[in-house]
Amino acid sequence: MIKVGVIGYGYWGPNLVRSMFEAAETTVVAVSDMREERLNLVHSRYPSVHVTTNHRELLENPEIDAIAIATPVHAHYELALQALQSGKHVLVEKPMTTTSQQAIRLIDEAERRNLVLCVDHTFVYTGAVRKIKDLVDSGRLGDIYYYDSTRINLGLFQRDVDVIWDLAVHDLAIMSYVLPSMPCAVAATGINHFSGGTENLAYLTMFFEENLIAHVNVNWLSPVKIRRTLIGGSKQMIVYDDMEPSEKVKVYDKGVTVTAGTDSLYSAMVGYRSGDMFAPQLDVSEALKVELQHFAHCIESGTTPLTDGLAGLQVVRILESASLSMRQRGKLIELESDPLGVYSGAA
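Q: Go over the side chain of Thr 307 with me, naming the residues and quoting the values.
A: Its place among the elements puts Thr 307 in the loop between helix H8 (287–301) and helix H9 (309–327). Exposure remark for Thr 307: the relative accessible area of 2% places this residue in the buried category. A distance of 2.8 Å separates a polar side-chain atom of Thr 307 from the backbone oxygen of Val 119. Among the polar contacts listed, one links the side chain of Thr 307 to the side chain of Tyr 125, at a separation of 2.8 Å. Sequence-distant contacts of Thr 307, that is, excluding residues within four places in its chain, are made with Leu 117, Cys 118, Val 119, His 121, Val 124, Tyr 125 and Glu 291.

Okay, here's the thing in structure tokens:
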């Protein structure tokens, strides 16, 4: 059993602690938070767990194998680095860091110490996204034409990140997992409606070397909550609606067939295909539990997590470039390949 210390018991920390207690592979030894009232909640529900306002007690505890970090984003890097330097495996909330340089530093530290570094891209571990990955890899969709996502709701406003770093990070993690390649350029526009705040509405468009485009709409000011993604292929198309209680993934045998003419599309023969729709059976296991079991297995076996530091870096680099584009009112930012085989933003 992997013994874990959790730093941060705010929004996501309680879910981590609960899932770690319920999983057979993990248990929680200690929880750290700067607020006494939050620690009182831990003590009342989990009397056996040590609570402290000093996170270094967790790092110095020889019984603890791994540290889970569920703090505001600006604290991720320092805490993760301290944990790795203390010889602890690390599970860090999304986004991994606030800069790509910080992410690279954590990857290097984990590799040098032979420790597991895992990023909490929870959606990657859902039955729906894993099924989509299977469908894409099987070739049933054919060539992927587009990824189009709407991820909007009323709040929760974040103090240290904008809506892109809060909501679009989910789609970037999903895209990194299910699509056959990473984008080569990104453009983003957004706006802040409140003095002293960050952008609360944004649109991201990502371009790929192949004939593929991705678009993500994120919004903290929507009267309704929508979590819907469309993935279009040359053979079949997917609608992924995370708000659906069942049949979250639907596969449509619909598309367009174009027989090229001699001059232009106007002289081509366009045929529309409208076939059946089916909803594949999905694994209904809670994604966070699946992720924690995977994290524990990687520690025990020395294998690389699905959402390792490199996956976290790929997402952070796109977020950085999107922020740069947004500050320049949608300027296209090219993403150049770096020595690690991922992409960095360049003006």
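Q: Can you break down the pairing of strand S13 (residues 249–259) residue by residue, with the values?
A: Pairing of strand S12 (residues 237–241) with S13, which is carried by four bridges, proceeds in the antiparallel orientation. Looking across to S13, one finds that Met 237 is bridged to Tyr 252.

Q: So what about the packing of aromatic side chains? Which residues, and what values?
A: Following the criterion strictly, the structure yields four aromatic pairs and no others. Between Phe 21 and Tyr 46 the ring centres are 4.7 Å apart and the planes differ by 10°, which places this aromatic pair in the stacked class. On the criterion of sequence distance, the pair formed by Phe 21 in helix H1 (residues 13–22) and Tyr 46 in the loop between helix H2 (36–45) and strand S3 (50–52) is long-range, its members being 25 residues apart. Of the residues examined, Phe 21 reaches a relative accessible area of 30% and is grouped as partly exposed. Exposure remark for Tyr 46: the relative accessible area of 9% places this residue in the buried category. Between Phe 157 and Phe 194, the aromatic rings sit 5.8 Å apart at their centres with planes inclined by 75°, giving edge-to-face as the arrangement. Within this pair, whereas Phe 157 is found in the loop between strand S7 (144–154) and helix H7 (163–178), its partner Phe 194 is found in the loop between strand S8 (185–191) and strand S9 (201–207), the two being separated by 37 residues in sequence. For Phe 157, a relative accessible area of 43% puts it in the partly exposed group. Exposure remark for Phe 194: the relative accessible area of 42% places this residue in the partly exposed category. Every member of this aromatic cluster is reached through a ring pair, and the members are Phe 157, Phe 194 and Trp 220. Here the basic side chain of Lys 133 rests over the ring of Tyr 177, its NZ or CZ set 5.3 Å away from the ring centre. Geometry around Phe 123 places Arg 151 over its ring, the cationic atom sitting 4.9 Å from the centre.

Q: Account for the layout of surface pockets, with residues named and values stated.
A: Its boundaries defined by the atoms lining it, the largest pocket holds a volume of some 1,400 Å³. Lining the largest pocket are 48 residues, with Tyr 11, Trp 12, Glu 93, Gln 158 and Asp 166 sitting closest to its centre. Those elements that provide at least two residues to the lining of the largest pocket are H1, helix H4 (76–85), S7, H7, strand S11 (221–233) and H8. Of the voids in this model, the second largest pocket is the one considered here, and its volume is about 370 Å³. Taken together, 18 residues form the lining of the second largest pocket, with Ala 110, Glu 111, Leu 115, Leu 117 and Thr 304 sitting closest to its centre.

Q: If you had to explain the nonpolar core to someone new, which residues and values would you point to?
A: Side chains of nonpolar character tend, in soluble globular proteins, to be buried together. By size, the foremost hydrophobic cluster in this structure holds 106 residues, and its most contacted members are Ile 164 and Met 206. Not counting the four nearest positions on each side in its chain, Met 206 is found in contact with Leu 172, Met 175, Pro 183, Ala 185, Val 186, Leu 212, Ile 213, Ala 214, Val 216 and Ile 318.

Q: Mind laying out the pattern of salt bridges, listing which residues take part and the relevant values?
A: For the structure shown, the criterion picks out 15 salt bridges. Between Arg 105 and Glu 109 there is a salt bridge; the shortest N-O distance is 2.6 Å. Placement of both Arg 105 and Glu 109 in helix H5 (residues 100–113) is noted, with a separation of four residues, approximately one turn of the helix. On the basis of relative accessible area, Arg 105 is assigned to the partly exposed category, the value being 32%. Between Arg 151 and Asp 171 there is a salt bridge, with its nearest N and O atoms 2.8 Å apart. Placement of the pair is Arg 151 in strand S7 and Asp 171 in helix H7, with a sequence separation of 20 residues. The class of Asp 171 is buried, set by a relative accessible area of 0%. In this structure, a network of salt bridges that share partners links the residues Arg 18, Glu 22, Glu 286 and Lys 289.

Q: Outline a negative patch on the surface, listing residues and values.
A: Together, Glu 209, Glu 210, Glu 334 and Glu 336 make up a region of like negative charge exposed at the surface. Within the secondary structure, Glu 209 is located in the loop between S9 and strand S10 (213–219).

Scoring rules and cut-offs
Residues numbered from 1 in each chain as written. Predicted model: local features only at pLDDT ≥ 70, side-chain atom pairs only at ≥ 80, totals over all residues. Heavy atoms only, no water. Helix = DSSP H or I, 4+ residues; strand = E, 2+ residues; numbered from the N terminus. Buried < 20%, exposed > 50% of the residue type's maximum accessible area, 1.4 Å probe, protein only. Polar contact = N/O pair within 3.5 Å; in protein donor to acceptor, adjacent residues only side chain to side chain. Contact = heavy atoms within 4.5 Å. Pairing = 2+ DSSP bridges. Phe/Tyr/Trp six-rings, centres within 6.5 Å; stacked < 30°, edge-to-face > 60°. Lys NZ or Arg CZ within 6 Å of the ring centre and 35° of its normal. 1 Å grid on protein atoms, 1.4 Å probe; cavity = no way out; pocket = protein on both sides within 12 Å on 5 of 7 lines; lining within 4 Å. Points joined across faces, edges and corners; volume = space filled by probe spheres on them. Core = buried A, V, L, I, M, F, W, Y, C linked by side-chain atoms within 4.5 Å. Salt bridge = Lys/Arg side-chain N within 4 Å of Asp/Glu carboxyl O. Patch = residues over 30% accessible without salt bridge, like charges linked within 9 Å, V, L, I, M, F, W, Y side chains within 5 Å. Areas by Shrake-Rupley, 256 points an atom, 1.4 Å probe, with all protein chains shown as cover. Lys, Arg positive; Asp, Glu negative; His and termini not counted. Charge placed at Lys NZ, Arg CZ, Asp CG, Glu CD.

Purely geometric numbers; function is a separate question.
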